[in-house]
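What follows is each chain in one-letter form.
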Amino acid sequence: MAVKIGLVGTGTVGGGCIDIIKAHKEEFLRHYGIDIELVAVSSLNPEQAAAHGVSKLFTPDFMNIINDPDIDIVIELIGGTTVAHTVVTEALKAGKNVVTANKALMATYGVEIMELAREQHKELAFEASVGGGIPIIGPLKHSLIANKITQIMGIVNGTTNYMLTRMDEAGLSYDEALAEAQANGFAEANPSADVDGFDAAAKIAILASIAFNTNVSMDQVYTEGIRDLSAIDMATAKELGYALKLLAIANLKEDGVEVRVHPTMLPLEHQLAQVKGVFNAIWCVGDFVGETMYFGEGAGAGAAASAVMGDVLEVARHVQQGILPMSGNTTKDELEIIPMDELSTKYYLHLVVHDQAGVLAKSAAIFANYGVSISAMMQKGKQHNGAVDLVYITHHASEKAIRQAVEDIVFTEGILANNTRPVVIRVQE
């Protein structure tokens, strides 16, 4: 007997799922013995359902799917944390398994939703919430479960990686790279979720929670975006032997979890430094397996729908075989989130300063006052308005000291030109 599926959300990813089911339904049955049937779809746009040939399955009210006793799996693909929260929680309460690609939902309400799934003895699968088509949730929950995972570091947003690649290779400004990404359909009209780092923050919260067997929410992730980066920063990074990437980083330390998203200078020889364009990659370290990396397209109808349908088929297999999900057998560690001020690393600082005597002495005195040791200083060319770009590279310093020094530089008269603020980039070794 077929496992019946209801789909809520018929946009890019939902349409991809419909197409996969239509294209491969018979192969799923013949090759794997998994018999699935899409029996209902719901969204705000019946035209999307019609475009994929499933108008006869359309219902304008998603509660009709949730209240249908014959439906075994509900796929939630509408995004956001309001209506989607209702869809997922009501589906679980109605005794249905749930598959979602909703990173914001899982990063914000993951603890609540996973506990509800355990209470209902139903499966909740969310592979597509991180990395699109890259399999990473499954490996962390299954293949790598014998390891103590100590670090996850990833390029998990294709839009920003595309922009930084174009800024690096073509010398584009931030604004030019964003306009090109929007013209190519990689960036939204309002790109904040991508360029301000919120999308990556949601993803690393999910990964850290699974990898370290704890609970990390999106609002606990220190987050910076790429708006302040320039072609000068990209060129200087390459000159120094680094690639400039927006990295999502989670480290398991003795005193807790360090979890952050920000632009990072990464040595060119690191595997992640070679990830370009819209591609994503996630690098993971386990105590026995060592270093592993997962690479692929992080977004798009095909990649995300592939991950969603992988979850659907696995859950459908369990439904057919009568396999119940693990429930009540896991214990979460209550780990502290380490404050960002406690980070210690090398730093790159880009200052636009007045081209006049005394500027170097003033800035050097401020760095020295907070114990920040400078390993290199470079002038990167003269601007047209009497200002010059100065780049400093520090030895290891504390985040707290760097922030204090930057604030003093901002408020010390005669250093910064044109009402600019220093660009601060952390250097990963």
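Shown above is the structure to which this text applies.
The structure contained in this document is the topic of the report that follows. Predicted, not measured: the structure shown is a model, and the values here were computed from it.

So, the overall build of the protein chain
Turning to step 1, where the next piece is worked out: Scanning the protein chain from terminus to terminus reveals 14 helices and 16 strands.
Turning to step 2, where the next piece is worked out: The C-alpha radius of gyration of the protein chain comes to 24 Å, within 12% of the 22 Å expected for a compact globule of 429 residues.
Turning to step 3, where the next piece is worked out: Expressed as lengths along the three principal axes of its C-alpha atoms, the size of the protein chain is roughly 80 × 45 × 35 Å.
Turning to step 4, where the next piece is worked out: The buried share among the 429 residues of the protein chain stands at 51%.
Turning to step 5, where the next piece is worked out: Within the protein chain, counting contacts between residues at least 6 apart in sequence, those at least 24 apart form 71% of the total.
Turning to step 6, where the next piece is worked out: When the accessible area of the protein chain is evaluated, it comes to approximately 18900 Å², of which 51% is carbon and sulfur surface.

Here's the deal with a nonpolar patch on the surface
Turning to step 1, where the next piece is worked out: A cluster of nonpolar side chains, namely Phe279, Met293 and Phe295, defines an oily patch on the protein surface of about 270 Å² accessible area.
Turning to step 2, where the next piece is worked out: Positionally, Phe295 belongs in strand S11 (residues 290-297).

Describing the pairing of strand S2 (residues 36-42)
A regular strand places its side chains on the two faces of the sheet in alternate fashion.
Turning to step 1, where the next piece is worked out: Burial analysis of S2 places five of its seven residues in the buried class, which makes it a mostly covered element.
Turning to step 2, where the next piece is worked out: Alignment of strand S1 (residues 3-8) against S2, held across six bridges, turns out to be parallel. Following the sheet pairing, Ile5 is matched in S2 by Leu38.
Turning to step 3, where the next piece is worked out: A crossover links S1 with its parallel partner S2, the connecting element being helix H1 (residues 12-32), and its sense is right-handed.

Concerning the sheet that holds strand S3 (residues 73-76)
Turning to step 1, where the next piece is worked out: In space, the five strands of this open sheet follow the order S2-S1-S3-S4-S5, with parallel pairing throughout. At either margin of the open sheet sits one strand with a lone partner, and together these are S2 and strand S5 (124-125).
Turning to step 2, where the next piece is worked out: Where strand S4 (residues 97-100) lies against S5, two bridges are found, and the strand directions are parallel. Bridge pairing links Val99 to Ala125 in S5.

Comments concerning the pattern of salt bridges
Turning to step 1, where the next piece is worked out: For the coordinates displayed, the defined rule picks out 19 salt bridges.
Turning to step 2, where the next piece is worked out: Here Lys25 makes a salt bridge to Asp35, at a shortest N to O gap of 3.5 Å. Of this pair, Lys25 sits in helix H1 while Asp35 sits in the loop between H1 and S2, and the two are 10 residues apart along the sequence.
Turning to step 3, where the next piece is worked out: A relative accessible area of 19% means that Asp35 is categorised as buried.
Turning to step 4, where the next piece is worked out: We note a salt bridge from Arg317 to Glu314, for which the minimum N-O separation is 3.7 Å. Separated by three residues within a single helix, Arg317 and Glu314 lie in helix H12 (residues 301-321), roughly one turn from each other.
Turning to step 5, where the next piece is worked out: Judged by its relative accessible area of 36%, Glu314 falls in the partly exposed class.
Turning to step 6, where the next piece is worked out: Three or more residues joined by partner-sharing salt bridges are found here, namely Glu224, Asp341, Glu399, Arg403 and Arg426.

Details of the side chain of Thr292
Turning to step 1, where the next piece is worked out: By secondary structure assignment, the location of Thr292 is in strand S11.
Turning to step 2, where the next piece is worked out: Side-chain polar atoms of Thr292 contact the side chain of Tyr294, separated by 3.1 Å.
Turning to step 3, where the next piece is worked out: Excluding residues within four positions of it along the chain, Thr292 makes contact with Leu144, Ile282, Trp283 and Cys284.

Description of the environment of Asp355
Turning to step 1, where the next piece is worked out: Tracing the sequence through the fold places Asp355 in the loop between strand S12 (344-354) and helix H13 (359-369).
Turning to step 2, where the next piece is worked out: Separated by 91 residues in sequence, Asp355 and Thr264 place their C-alpha atoms 28 Å apart.

Overview of helix H8 (residues 174-183)
Turning to step 1, where the next piece is worked out: Among the residues of H8, those classed as buried are Tyr174, Ala177, Leu178 and Ala181. Down the axis of H8, the sector holding all buried residues measures 100 degrees, keeping them to one side. Exposed residues on H8 whose side chains face more than 90 degrees from its buried face are Asp175 and Ala183.
Turning to step 2, where the next piece is worked out: Looking at the buried side of H8, the elements it contacts are helix H7 (158-170) and helix H9 (192-195).
Turning to step 3, where the next piece is worked out: Of the residues trailing H8, Gly185 is marked for its positive phi of about 80 degrees.

Thresholds applied
- Residues numbered from 1 in each chain as written.
- Predicted model: local features only at pLDDT ≥ 70, side-chain atom pairs only at ≥ 80, totals over all residues.
- Heavy atoms only, no water.
- Helix = DSSP H or I, 4+ residues; strand = E, 2+ residues; numbered from the N terminus.
- Rg over C-alpha atoms; globule rule 2.2 N^0.38 Å.
- Buried < 20%, exposed > 50% of the residue type's maximum accessible area, 1.4 Å probe, protein only.
- Contact = heavy atoms within 4.5 Å.
- Areas by Shrake-Rupley, 256 points an atom, 1.4 Å probe, with all protein chains shown as cover.
- Patch = residues over 30% accessible without salt bridge, like charges linked within 9 Å, V, L, I, M, F, W, Y side chains within 5 Å.
- Salt bridge = Lys/Arg side-chain N within 4 Å of Asp/Glu carboxyl O.
- Pairing = 2+ DSSP bridges.
- Right-handed = clockwise from strand over helix to strand, strands pointing away.
- Polar contact = N/O pair within 3.5 Å; in protein donor to acceptor, adjacent residues only side chain to side chain.
- Arc of directions from axis to C-beta.

Take it as geometry only, folks, not as evidence of what the structure does.
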